[in-house]
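For reference, the chains in residue letters:
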2 protein chains.
Amino acid sequence: VKDPRRIVAAKRDGETLAPVDIEAFVGAYARGEISDALAAAFLMACLLRGMDASETLALTRTMVASGDTVSFRGLDRPTVDKHSTGGVADGVTLVFAPVAAALGLAVAKLSGRGLGHTGGTLDKLESIPGLRTDLSPSQIERQVASVGCAIAAQSPTLVPADGAVYALRDATATVPSVPLIAASVMSKKLAVETDLILLDVKTGSGAFMKTTAEAEALVRACLELARGWGRSAAAAVTDMSQPLGDAVGNALDVAEAVEVLRGAQRGRLRRLTVLFAARALETLHGIAHEEASAAAERSLDEGTALDRFRRMVEAQGGDPRVADDPWSVLPRAPVRMPIQPDRGGVLSAVDAEEIGLASNALGAGRVRKGDPVDPAVGIVLRPKVGERLEAGEQVGEVHARSEAEGTEAVRRVLGALTVGDDPVQPPPLVHEWYG
Amino acid sequence: VKDPRRIVAAKRDGETLAPVDIEAFVGAYARGEISDALAAAFLMACLLRGMDASETLALTRTMVASGDTVSFRGLDRPTVDKHSTGGVADGVTLVFAPVAAALGLAVAKLSGRGLGHTGGTLDKLESIPGLRTDLSPSQIERQVASVGCAIAAQSPTLVPADGAVYALRDATATVPSVPLIAASVMSKKLAVETDLILLDVKTGSGAFMKTTAEAEALVRACLELARGWGRSAAAAVTDMSQPLGDAVGNALDVAEAVEVLRGAQRGRLRRLTVLFAARALETLHGIAHEEASAAAERSLDEGTALDRFRRMVEAQGGDPRVADDPWSVLPRAPVRMPIQPDRGGVLSAVDAEEIGLASNALGAGRVRKGDPVDPAVGIVLRPKVGERLEAGEQVGEVHARSEAEGTEAVRRVLGALTVGDDPVQPPPLVHEWYG
């Protein structure tokens, strides 16, 4: 058996590793046969020396092979998986799943929890009283067959090596590496058999990828992995230079999703969801773009998507009245404070990460894995870049546990807004589609 | 308190770290407050991004501060410390210490044990029956005052952070970094107050530094640290493209040292020892080079150095007869086999590392820290590069525990020799002096 230090030394010295060496090393780590320290040195060497497509594929293959894989063969509809790299007020998944279901597609979405300044779909969904996300594969399959969509917690037996490697990366400052991120994202997608993988790679102040160049590099690495696996995939680099929707929190996100699902909210969150749903419909049902978009729009305007949402919530044990009157069932924070800029003008920038962190500080997110989240607190902020604000106008509100926390959050949100005098072009919603 | 991951991230991203951050990080690691994994990521980032002089000094300062420091203030003679980065058949320290003592200098040498393909001075010395190296600081001081030299084991309370960091580097493929090696070497020299530090940085097939450029980089980093500390130091890059002396082992090395000390062996090992002793005498007693060299030569030819060696052995509990008739007291291996090349010609190269590893395989060295070593086994190989060999001529012998191990070692030694027809220029003994 090769001394695993030789594999680390080869990467350290800039060599390209053979797939068999990567599989041996990462496989041994996943089995607990290699120390965290040697694995951390390996990850830092990979981060600084880079990994090519064959190395990244070998890493991904080892991660997938470390656990179970899931397939939904019994379904009579094509399946689609949609993944976001994480953003602020990014409620697309909550809306996309029922829209796709309403369009005759199947969505079995296995999600993780939020970490850092971005929220997690599971945390949002679990703010609905009674709703469970710990579904077994057979429960998921039955629900998808009947309702068309399910959003469940990723089982700990799915890609366990990714969980171990991600925790180690988080602990050792080895997170920001395109190949390591791509392997982590795609291992979880490739372990679940679907007919199409859609990736929403965020870029901008509220995203992990701060520049479009970084986001594009991640897209290319992910699509290369899908190609290497023989899986159909497409990706968009989308704007996260400001929060996507208006709500940042958990119950607040669900309430906003319901607004979009009942056709009442027509902003960027709706538009992006429609773009992804249309893309899925084009690819999987061979429908032209215009027609596919129109179908997705109709599912929102005619209530068919909302109906799927209601049925999904009910199937997962949640109170279905959330679909009709969200605040009759969702938890509300005791303190609500208005957000009112003291200067009028044109909103020229929003520091989306700061908004996310302010919401976290209220208790909506977690700093460490396993921390509890407060479902009720968060931030609603309506204006988007390019819009005009009046001094003293209420542009949103903070939902907090206490006056003190609320005041601090209002201060942080106001500090995250840049208001100027000149007109500003709103940023594009989608920078580019790939694949 | 700063999240230690931010320090690792800064180094990862190519920043120069503030001394205070290095001290905080390495100090916390030495106190057990930082995981091996995060420290390993830090070391790999340091290895790949490099460390400048101020960073290396801060690292060294933290290592020195992690334990006790030693000074020999009661001595009436100037003190000199001589350190080799490790080579094959490198018995210089065993000869240098008594030579320097004979010349009126004081040598209190704190040594580590051998690891890898190079031998350790302590292991060699302990092949003398009865000899102890676990001397207390006051024992060392008394012995140096009376005899002029002592060679003792480095106390575990001296630079403990270096021990911890070195073990981690060995386990995580982060050894070959000039700043990390320099900090490790120099922390142990700087923790002991002496009037002069002499460094013998080996280069070539039998050294850790395979090229003179690497060796020169290490010399510069070490001398920079000495300067930053206000300590007098000089260094030579010396040849390790072939074994320095003839003996590779433990008792075999002691027997060879005695041959040199009684003036009988006059090869490269004697010449290099004389050069270092002369350098010390020049620097510490202000004596001209020619005169200093002659004094060192005389100490070997007239037996004054051998007398110091005998007294040192006796003071440390060893059998002093080793100085007069080494094989009357040293352990002998049961099997001795001749080394006889089957082809005559000019010896054009010796793979020194392979000779060291062959000796290790016989049991003379250790693969892992804490392994026992066999004092009796090893290799004697007399010819040096440029010399003529006859086919079938006995050029040395293998001392082994068994026929099988002996046969294998003979095979490896013969495989490490390159014999050609053309004349070959012997390599220089010293490439360059610095400082």
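This is a predicted model, so every value here is computed, not measured. (Residues numbered from 1 in each chain as written. Chains lettered and ligands numbered in written order. Predicted model: local features only at pLDDT ≥ 70, side-chain atom pairs only at ≥ 80, totals over all residues. Heavy atoms only, no water.)

Secondary structure assignment for chain A yields 16 helices and 15 strands. On C-alpha atoms alone, chain A measures out to a radius of gyration of 22 Å, which is about the 22 Å that the 2.2 N^0.38 rule sets for 435 residues. Here the C-alpha coordinates of chain A stretch approximately 70 × 45 × 40 Å along the principal axes. Counting over 435 residues, chain A shows a buried share of 58%. (Helix = DSSP H or I, 4+ residues; strand = E, 2+ residues; numbered from the N terminus. Rg over C-alpha atoms; globule rule 2.2 N^0.38 Å. Buried < 20%, exposed > 50% of the residue type's maximum accessible area, 1.4 Å probe, protein only.)

Now for the interface of chain A and chain B. Quite often, the size of an interface is put as the accessible area lost when its parts meet. In this complex, chain A contributes 21 residues to the contact, which on the side of chain B involves 21 residues. Taken together, the two surfaces of chain A and chain B that pack against each other cover about 1,600 Å², and 70% of this comes from carbon and sulfur. By the criterion of area lost to chain B, the three top residues of chain A are R5(A), R12(A) and L48(A), representing 35% of everything that side buries. Applying the counting rule to chain A against chain B returns two salt bridges. The partner of D170(B) in a salt bridge is R5(A), with the nearest N and O atoms 3.5 Å apart. Counting every contact that joins chain A to chain B gives four residue pairs in polar contact (both at pLDDT 80 or more). (Contact = heavy atoms within 4.5 Å. Buried area = accessible area lost by both parts, 1.4 Å probe. Salt bridge = Lys/Arg side-chain N within 4 Å of Asp/Glu carboxyl O. Polar contact = N/O pair within 3.5 Å; in protein donor to acceptor, adjacent residues only side chain to side chain.)

Residues and elements named next belong to chain A. Between helix α3 (residues 36–49) and helix α8 (residues 160–171), the shortest axis-to-axis distance is 10 Å and the interhelical angle comes to 75 degrees. Considering their axes alone, α3 and α8 lie roughly perpendicular with respect to each other. Where α3 approaches α8, its residues D36, A39, A40 and L43 are matched on the opposing element by V165, L168 and R169. Classifying every residue of the contact of α3 with α8 gives five nonpolar, no polar and two charged. (Axes fitted to C-alpha atoms, helices over the stretch in contact; angles between N-to-C directions. Parallel < 35°, antiparallel > 145°, perpendicular 65-115°, else oblique. Nonpolar A, V, L, I, M, F, W, Y, C, P; charged D, E, K, R; others polar.)

For the pair chain A and chain B, the best superposition has an RMSD of 0.1 Å and corresponds to a rotation of 179 degrees with a translation of 0.1 Å parallel to the axis. Between the two chains, the operation in question is that of a two-fold axis. Considering only C-alpha atoms, the residue of chain A closest to the rotation axis is A37(A), which sits at 2.0 Å. A share of 100% of the interface residues of chain A reappears at the interface of chain B, consistent with the copies meeting face to face through the same patch. (Least-squares fit on C-alpha atoms with pLDDT ≥ 70 in both.)

On to helix α4 (residues 53–65) of chain B. Taking 1.5 Å of rise per residue, the 13 residues of α4(B) would be expected to cover 18 Å, and the 18 Å separating its terminal C-alpha atoms lies within 8% of that figure. Those residues of α4(B) hidden inside the fold are in contact with α1 (4–12), α2 (19–30), α8 (160–171), α9 (178–190) and α10 (212–229) of chain B. (Expected span 1.5 Å × (residues − 1).)

Moving on, we come to helix α3 (residues 36–49) of chain B. Residues and elements named next belong to chain B. Under the 1.5 Å per step criterion, the end-to-end length of α3 is 19 Å for 14 residues, consistent within 8% with the ideal 20 Å. Most of α3 sits out of view: eleven of its 14 residues are buried. Burial in α3 covers these residues: A37, L38, A39, A40, A41, F42, L43, M44, A45, C46 and L47. Two residues or fewer after α3 comes G50, characterised by a positive phi angle close to 85 degrees.

Tallying each qualifying case throughout the model produces 64 salt bridges over all chains. The residue D134(A) makes a salt bridge to R132(A) at a minimum N-O spacing of 3.2 Å. D134(A) sits in the exposed class, given a relative accessible area of 54%. Two residues, D324(B) and R310(B), come together in a salt bridge whose shortest N-O distance is 2.6 Å. Linking D324(B) in the loop between α14 (304–315) and α15 (326–329) with R310(B) in helix α14, this pair joins segments that are 14 residues apart in sequence. Among the charged side chains, a network of salt bridges with common partners joins R266(A), R270(A), E297(A) and D301(A).

This part is about the packing of aromatic side chains. One pass over the full model with this rule turns up four aromatic pairs over all chains. The ring of W327(A) has R332(A) sitting right over it, with the charged end atom 4.1 Å from the ring centre. (Phe/Tyr/Trp six-rings, centres within 6.5 Å; stacked < 30°, edge-to-face > 60°. Lys NZ or Arg CZ within 6 Å of the ring centre and 35° of its normal.)

Residue and element names in this part refer to chain A. One open sheet accounts for three strands, arranged β12-β10-β14; its pairing is antiparallel. The open sheet has two edge strands, β12 (388–389) and β14 (417–420), and neither has a second partner. In the sheet, strand β10 (residues 345–350) pairs with β12 via two bridges, with the strands oriented antiparallel. Looking across to β12, one finds that G345 is bridged to L389. (Pairing = 2+ DSSP bridges.)

Looking now at unusual backbone geometry. Negative phi characterises most residues that are not glycine, and trans characterises most peptide bonds. Its identity is not glycine, yet A89(A) carries a phi of approximately 60 degrees, on the positive side. Relative to the helices and strands, A89(A) is located in the loop between β2 (80–84) and α5 (92–102).

The next point concerns the confidence of the model for chain A. In this model, chain A carries an average pLDDT of 94, and 98% of its residues clear a pLDDT of 70 or more. Here the predicted complex carries an ipTM of 0.86, next to a pTM of 0.88. (pLDDT = per-residue confidence, 0-100.)

Looking now at the environment of S71(B). Residue and element names in this part refer to chain B. Take S71: it is sitting in strand β1 (residues 70–71). Here S71 falls in the partly exposed class, since its relative accessible area comes to 25%. Placed 108 residues apart in sequence, S71 and P179 show a C-alpha to C-alpha distance of 26 Å. Discounting residues that sit within four places of it in the chain, S71 has contacts with E141 and E193. One polar contact links S71 to R73, side chain to side chain, over a distance of 3.2 Å.

A few words now on the side chain of R77(A). Residues and elements named next belong to chain A. Tracing the chain through its elements places R77 in the loop between β1 (70–71) and β2. In this structure R77 comes out as buried when scored by relative accessible area, which is 18%. Engagement of the side chain of R77 in a polar contact is seen with the side chain of D76, the distance being 3.4 Å. A polar side-chain atom of R77 sits 3.0 Å from the main-chain carbonyl oxygen of V144. Setting aside anything within four residues of it in sequence, one finds R77 in contact with G104, L105, A106, V144, A145, S146, G148 and R308.

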